[in-house]
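Letter by letter, the chains look like this.
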Amino acid sequence: MELRRALVRAAVARPGVLLAVSPGATRQRLAVEAELALRGWPCASGPAEADLLVVVGDREGQGEGEESDWLAGLWRGIPAPKARVWVTDPERAADALASGLADLVRGEHGTDHAPDAHHEHHEHHEHHEHHEHQQNDGTAAHSDHSGHDMHGGHHGHAGHDMGLIEGLPMADRADDRDGLRLDVLHVPLGPVLADWPAGLILRLALQGDIVQEVTVEPVATPPSPRPPFWDEPWLRAAGGEHVSRGDAARRLCAAHLDSLGRLFAVAGWDDMAARTRHVRDRALAGAAAVELASLVRPLIRRAERSRTLRWLTTGLGTLTAEQARQRGVTGPALVADGDAYSRMRVWLDAVGRSAAVCDVTEALDPAEVVGPRGRLDTPVPPSRALLDSLPRLLVGTEFACARIIVASLDPDLDEPTHVPAPRTVHSHG
Amino acid sequence: MGERTPLWAVFVLPALLVGAALVTAGFDAVLAAGARRGRPGSLRETAVRAAEPGRQVLRHLVQQPRRTRASDLPLARIGAGLLPVAAVLAAVVLPLGFRSVSDLPEGIVWFNAMEALAWAAVWLAGWGPNSTLSLIGGYRFLAQGLAYELPHMLAITTAALGAESLRVGEVVDAQAGLWFVVWMPVAFVIYLLSAMAMAFWGPFDQPAGRDVAGGAGGELSGADRVLFLGGRWLLLVVAAAFSVPLFLGGGHGPLLPGWAWTVLKTATVLAFLVGVRRAIPTVRIERYLELAWVVLTPLAIVQALVVAVVVLNR
């Protein structure tokens, strides 16, 4: 028994972490990611390889019914021994991870200790445990996570005639682009996928791995009064506060580095993704302009010189300036006037420029309300416009291309969930 | 050649391969941690980082197996288990120095046939769990297989043609004077590309991509996962090691004994492959298909033709 315990302890010393981030929790996510990099814990890309589920979310913006469904699904998908923690406070990310590890080491088989700090969520845990017992009493399934089930509750697709096998929908058939009758699979993407905008749910109809139909599901989380993390400096300046131009540049730099990290990760360039995120964390930790510029330069050079990256991302998700303007896109996607590759170039340029000026103390012009994803003084938040452009860009592409296109637009779901004070921006959607 | 290999070699071979795979994975882990957290401070830190793959294996071994709803468990299990088996069987004809466990008269064909088992393995592992993302991973590997296999076969046939034999031992003997890589460089490069594709590694890791949450192996946990991902490392080691007898002169070299040369050359190729993965993003399959059919296959044919002409005029 002692030996077994010691073995488990050694095995879970660096647990695989599955991050479940709700929209509105960017600040917490960044804190957790920085802490994970520091500890060297691997980030799992799915429940199967995870030991520790880290739920990252604002307490205010916390919906009960819907969300606990997909969280319960995720939790069931993780093989024991497992533990789960809730990170609501960016300052306490390290504590939460430490308590998660302690739970893992202590618990024999996925016992359900909530860290003491988060006792409000016992309700959730009881709910999950109930599920688990049901599962374990049954003979077959220990867990029923699957692609179909990623988003907990299954939403029926009206008009499609689908049979059910073990409660899962069967594929139905439809003509494909070559006029062949092929299976159509309805797959929800998100909200928990590695390198995926937090909270985004796309409903895809796939034939093979070609995307035939896309609907963007409205954001489920209740609106949050906190300004979106990435837009904060500009919104605060517009609200009359003193914000230095350097701080805004630093935030912009980090925001684009965050997006670039996602793009590189989705393009399968783990090394660059890791480096980019390292620099992002340095920028947010307040590195001086000199250091930041020296960190950013090799990244930009490497990304710009990579012929493979260029070969892989050109021609994907072309959004001309005219189309962008029609849909109300105002940010880098409008400037880029082109495909995923040109959007990446725009990000890289902005990162280089903003890294150089992130120490400037001069005050930000309150009239200049352009955040990382576009103008913040329009009736529609910039990410809403990006979301609206998504379906048209995705239809007809391959699954892998679709992921790259989403990453190259990188809509920030904090924006549509944010309901600002009445006088500035109006909520939409 | 000629000397008979003792029977215990059969048992040593898998252990040797696993050791090599762990060392390679450790090297890769050190590089990965370097990208994430900067250079290691001390030797001890490097050692901790290098031990990461071992810890991961342990972590998955204490995990309970899980299953997805309506999954075909036997299929997924067979898929996961088949991968390491295919790698070890392919390694049977691999000479260490000048001796392999079995120097079959048609060793090159045997090697290629065992590799083809990986097709079945990855497809089954992707299909079994009844999950969309792992299914997409499986699809991707089939497409990748179609793209790499033809140039790959042409490349290894070129080496066999140069030696006028399908016996791996004779291919090595034929390179006593001049390594094949010198006069069949195109075949060598194509072989390296397909070696990575075979182990769905490096720029060809789309079947197990992070964008599909681990793809073909994404739903595997516990021992199944160790078998599948471990099998992939074994496959990479075996594919890299096979380039040594095919193109890099096997155990031939000055001063050092044959086995040392084999190890040295294999390590170099492996280090190169690990480095390539760090330097290049994942190639999307449909782009690679284009490249494979339009560029690589014709190039491989021309290379084979050149070698055939040289051999006929000898």
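Residues numbered from 1 in each chain as written. Chains lettered and ligands numbered in written order. Predicted model: local features only at pLDDT ≥ 70, side-chain atom pairs only at ≥ 80, totals over all residues. Heavy atoms only, no water.

- Labelled according to an unreviewed UniProt entry, chain B appears under the name NADH-quinone oxidoreductase subunit H, originating from Streptomyces umbrinus.
- The UniProt entry for chain B carries this comment under Sequence similarities (unreviewed entry): "Belongs to the complex I subunit 1 family." (UniProt positions renumbered as here; feature names shortened; annotations may be inferred.)

**A look at the overall build of chain B**
Here is step 1: Check the secondary structure of chain B and you find 12 helices and zero strands.
Here is step 2: Shown N-terminal to C-terminal, the secondary structure of chain B runs as helices and strands in the order α-α-α-α-α-α-α-α-α-α-α-α.
Here is step 3: Overall, the C-alpha framework of chain B stretches about 60 × 45 × 40 Å when taken along its three principal axes.
Here is step 4: Within chain B, the proportion of its 314 residues that are buried is 56%. (Helix = DSSP H or I, 4+ residues; strand = E, 2+ residues; numbered from the N terminus. Buried < 20%, exposed > 50% of the residue type's maximum accessible area, 1.4 Å probe, protein only.)

**Concerning the interface of chain A and chain B**
Here is step 1: The interface is formed by 71 residues belonging to chain A together with 49 residues belonging to chain B.
Here is step 2: Counting the surface lost from both chain A and chain B, the interface buries some 5,300 Å², and carbon and sulfur atoms represent 54% of this.
Here is step 3: Looking only at chain A, the three residues that lose the most surface to chain B are Arg14, Ala48 and Trp311 of chain A, adding up to 12% of its buried area.
Here is step 4: Counting across the chain A and chain B interface gives five salt bridges.
Here is step 5: Note that Glu52 of chain B is salt-bridged to Arg14 of chain A, the shortest N-O span being 3.0 Å.
Here is step 6: On the surface where chain A and chain B come into contact, there are 17 residue pairs in polar contact (both at pLDDT 80 or more).
Here is step 7: Those elements that provide at least two residues to the side of chain A that touches chain B are helix H1 (2-11), helix H2 (26-39), strand S7 (181-189), helix H8 (270-284), helix H10 (307-313) and helix H15 (399-409) of chain A.
Here is step 8: Class assignment of the residues belonging to the side of chain A that touches chain B gives a composition of 38 nonpolar, 19 polar and 14 charged. (Contact = heavy atoms within 4.5 Å. Buried area = accessible area lost by both parts, 1.4 Å probe. Salt bridge = Lys/Arg side-chain N within 4 Å of Asp/Glu carboxyl O. Polar contact = N/O pair within 3.5 Å; in protein donor to acceptor, adjacent residues only side chain to side chain. Nonpolar A, V, L, I, M, F, W, Y, C, P; charged D, E, K, R; others polar.)

**Let's talk about the side chain of Ser243 of chain B**
Residue and element names in this part refer to chain B.
Here is step 1: Mapped onto the elements of the fold, Ser243 is located in helix H10 (residues 222-247).
Here is step 2: What makes Ser243 buried here is its relative accessible area of 0%.
Here is step 3: Excluding residues that lie within four positions of it along the chain, Ser243 makes contacts with Phe188, Tyr191, Leu192, Leu248 and Val269.

**Re the UniProt feature "transmembrane region" (unreviewed entry) in chain B**
Residues and elements named next belong to chain B.
Here is step 1: In this structure's numbering, the residues bearing the UniProt feature "transmembrane region" (unreviewed entry) are residues 6-34, 75-96, 108-127, 139-160, 180-201, 233-252, 258-276 and 288-312.
Here is step 2: End C-alpha atoms of residues 75-96 are separated by 34 Å, and the span's content is 77% helix alongside 0% strand.
Here is step 3: Its end C-alpha atoms 30 Å apart, residues 108-127 is made of 100% helix and 0% strand.

**Digging into the nonpolar core**
Here is step 1: If you look at the biggest cluster of nonpolar residues, it comprises 77 residues, and the most contacted ones within it are Tyr191, Phe228, Leu246 and Phe247 of chain B.
Here is step 2: Ranked by residue count, the leading element in this core is H10 of chain B, at 14 residues.
Here is step 3: Every residue in contact with Tyr191 of chain B, bar those within four places of it in the chain, is listed here: Phe111, His152, Ala155, Ile156, Ala239, Phe242, Ser243, Leu246 and Phe247 of chain B.
Here is step 4: Grouped together as the second largest cluster of nonpolar side chains are 72 residues, Phe264, Ala267, Ala385 and Leu409 of chain A included. (Core = buried A, V, L, I, M, F, W, Y, C linked by side-chain atoms within 4.5 Å.)

**Regarding the sheet that holds S7 of chain A**
All names here are of chain A.
Here is step 1: An order of S6-S7-S8-S9 is seen for the four strands of this open sheet, with the pairing classed as antiparallel. Sheet topology places strand S6 (172-175) and strand S9 (210-217) at the edges, where each strand pairs with a single neighbour. If you compare each strand with its neighbour and ignore which way they point, the axes differ by 35 degrees on average.
Here is step 2: One ladder, built from five bridges, connects S7 with strand S8 (residues 201-207); its direction is antiparallel. (Pairing = 2+ DSSP bridges. Axes fitted to C-alpha atoms, helices over the stretch in contact; angles between N-to-C directions.)

**Focus: the environment of Phe141 of chain B**
Residues and elements named next belong to chain B.
Here is step 1: Among the structural elements, Phe141 can be located in helix H6 (residues 132-163).
Here is step 2: According to the relative accessible area criterion, Phe141 is buried, its value standing at 0%.
Here is step 3: Ignoring anything within four residues of it in the chain, the contact list for Phe141 reads Ala118, Trp119, Val122, Tyr148, Ala197, Met198, Phe200 and Pro207.

**Things to note about the packing of helix H1 (residues 9-37) of chain B against helix H11 (residues 258-279) of chain B**
Residue and element names in this part refer to chain B.
Here is step 1: The geometry of H1 relative to H11 is characterised by a closest axis approach of 10 Å and an angle of 35 degrees between their N-to-C directions. The crossing of H1 and H11 is right-handed. Residues Thr24, Phe27, Asp28, Leu31 and Ala32 of H1 touch H11, and the partners they reach there are Leu270, Ala271, Val274, Arg277 and Arg278.
Here is step 2: Per-class residue counts for the contact of H1 with H11 are six nonpolar, one polar and three charged. (Left-handed = near helix turned anticlockwise from the far one by under 90°.)

**Some remarks on the environment of Thr88 of chain A**
Here is step 1: Structurally, Thr88 of chain A can be placed in the loop between strand S3 (83-87) and helix H4 (93-106).
Here is step 2: Through-space distance from the C-alpha of Thr88 of chain A to that of Val56 of chain A is 6.2 Å; in sequence the pair is 32 residues apart.

**A closer look at H6 of chain B**
Residue and element names in this part refer to chain B.
Here is step 1: An ideal rise of 1.5 Å per residue puts 46 Å on 32 residues; H6 measures up with 46 Å between its terminal C-alpha atoms.
Here is step 2: Glu149 marks where H6 bends most, by close to 30 degrees; the proline Pro151 follows one to four residues later.
Here is step 3: Burial of H6 is extensive: 23 of the 32 residues sit out of reach of the surface.
Here is step 4: Note on H6: the residue one or two positions beyond its end, Glu164, has a positive phi of about 55 degrees. (Expected span 1.5 Å × (residues − 1). Bend = angle between axes of the 7 residues up to and from the residue.)

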